[in-house]
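Listed below are the residues making up each chain.
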Amino acid sequence: AQSVSQHNHHVILSEAASLELGCNYSYGGTVNLFWYVQYPGQHLQLLLKYFSGDPLVKGIKGFEAEFIKSKFSFNLRKPSVQWSDTAEYFCAVNPPHDMRFGAGTRLTVKP
Amino acid sequence: DTGVSQDPRHKITKRGQNVTFRCDPISEHNRLYWYRQTLGQGPEFLTYFQNEAQLEKSRLLSDRFSAERPKGSFSTLEIQRTEQGDSAMYLCASSPQGDTEAFFGQGTRLTVV
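Residues numbered from 1 in each chain as written. Chains lettered and ligands numbered in written order. Predicted model: local features only at pLDDT ≥ 70, side-chain atom pairs only at ≥ 80, totals over all residues. Heavy atoms only, no water.

Draft legend 1. Local environment of the environment of Phe104(B). Relative to the helices and strands, Phe104(B) resides in strand 10 (residues 103–104). Non-local contacts of Phe104(B), meaning those with residues more than four positions away in its chain, are made with Tyr36(A), His43(A), Leu44(A), Phe101(A), Val4(B), Tyr35(B), Leu91(B), Cys92(B) and Ala93(B). (Helix = DSSP H or I, 4+ residues; strand = E, 2+ residues; numbered from the N terminus. Contact = heavy atoms within 4.5 Å.)

Shown next as structure tokens:
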């Protein structure tokens, strides 16, 4: 069965620290990959997406993610986090009509 | 605001009652999706529409759930004979034609007491 795993349930960092959130998926076919972010009290927003081409994709607010097909991974990274990055981050796989989300990682950035 | 809007934002209902939620997608988006999100989990796909046609339903959508999109614009999700297990955030999303990213609304939080 298709699934998405996010390994970290809650990550706590200080400002300026580097961030990497893990995401692994199990799906044998062609995949579309997404990272969504949900700031407190707000709706889910797209951070970045990968459909094809360069496996290193850049998104908004300095985030990037790397698709490694051999590892079935799509990890999210940011070199230097800010307090305003405090939010919940969701990895997702496939088109919206059958999109599978991970359980989410809550990121807390301490000022 | 030209994003996806959902109404109501919060709903508290007694077990056994029926509830209906509304979603207004982004104008001209052909596809509309419903998801459910419970505490500590990511959203789970429920169903989706291409214009007015309901094309796919998850096995999570029991026969107490029904969704409509009669004119291909707004959609409603009805839950009949609510149960405590139905308590969740119900999210609506829309996208243009094709398998692009989905744009989400802020959700309707349902509490069944």
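Draft legend 2. Summary view of the side chain of Gln6(B). All names here are of chain B. Position of Gln 6 among the secondary structure elements: in strand 1 (residues 5–7). Taking relative accessible area as the criterion, Gln 6 reaches 9% and is therefore assigned buried. Polar side-chain contacts of Gln 6 include one of 2.9 Å to the backbone nitrogen of Cys 92. In terms of polar contacts, Gln 6 uses its side chain to reach the backbone amide nitrogen of Gly 107, at 3.0 Å. Setting aside residues no more than four positions away along its own chain, Gln 6 makes contact with Arg 22, Cys 23, Trp 34, Tyr 90, Leu 91, Cys 92, Gly 105, Gln 106, Gly 107 and Thr 108. (Buried < 20%, exposed > 50% of the residue type's maximum accessible area, 1.4 Å probe, protein only. Polar contact = N/O pair within 3.5 Å; in protein donor to acceptor, adjacent residues only side chain to side chain.)

Draft legend 3. Structural context of the state of the cysteines. Tallied over the full model, the rule gives 2 disulfides over all chains. Here Cys23(A) is linked by a disulfide to Cys91(A), with a sulfur-sulfur distance of 1.9 Å. Taking the sign of the S-S torsion, -65° for the link of Cys23(A) and Cys91(A), the bridge is left-handed. Residue Cys23(A) is located in the loop between strand 3 (19–21) and strand 4 (24–26), and its partner Cys91(A) is located in strand 10 (residues 87–93); the two are separated by 68 residues in the primary sequence. Of the two residues, Cys23(A) and Cys91(A), neither departs from the other in class, the shared state being buried. Between the sulfur atoms of Cys23(B) and its disulfide mate Cys92(B) the distance is 1.8 Å. When the S-S torsion is -70°, as for the bridge of Cys23(B) with Cys92(B), the disulfide is left-handed. A residue pair is termed long-range when its members are at least 10 positions apart, and Cys23(B) in strand 3 (residues 19–24) and Cys92(B) in strand 9 (residues 88–95) qualify at 69 residues. For the pair Cys23(B) and Cys92(B), one class covers both residues: buried. (Disulfide = S-S within 2.5 Å.)

Draft legend 4. Main features of the interface of chain B and chain A. Listed per partner, the contact involves 19 residues of chain B and 20 residues of chain A. Summed over both partners, the interface of chain B with chain A comes to about 1600 Å²; 57% of that surface belongs to carbon and sulfur atoms. Across the contact surface, chain B and chain A share 1 salt bridge. A salt bridge links Glu101(B) to Lys49(A), with the shortest nitrogen-to-oxygen separation between them at 2.7 Å. Put simply, chain B and chain A have 4 residue pairs in polar contact (both at pLDDT 80 or more) between them. Residue assignment for the side of chain B that touches chain A shows that the elements contributing at least two residues are strand 4 (31–37) and strand 5 (44–50) of chain B. With 4 residues, the top contributor of residues to the side of chain B that touches chain A is strand 4 of chain B. Grouping the constituent residues of the side of chain B that touches chain A by class yields 8 nonpolar, 7 polar and 4 charged. (Buried area = accessible area lost by both parts, 1.4 Å probe. Salt bridge = Lys/Arg side-chain N within 4 Å of Asp/Glu carboxyl O. Nonpolar A, V, L, I, M, F, W, Y, C, P; charged D, E, K, R; others polar.)

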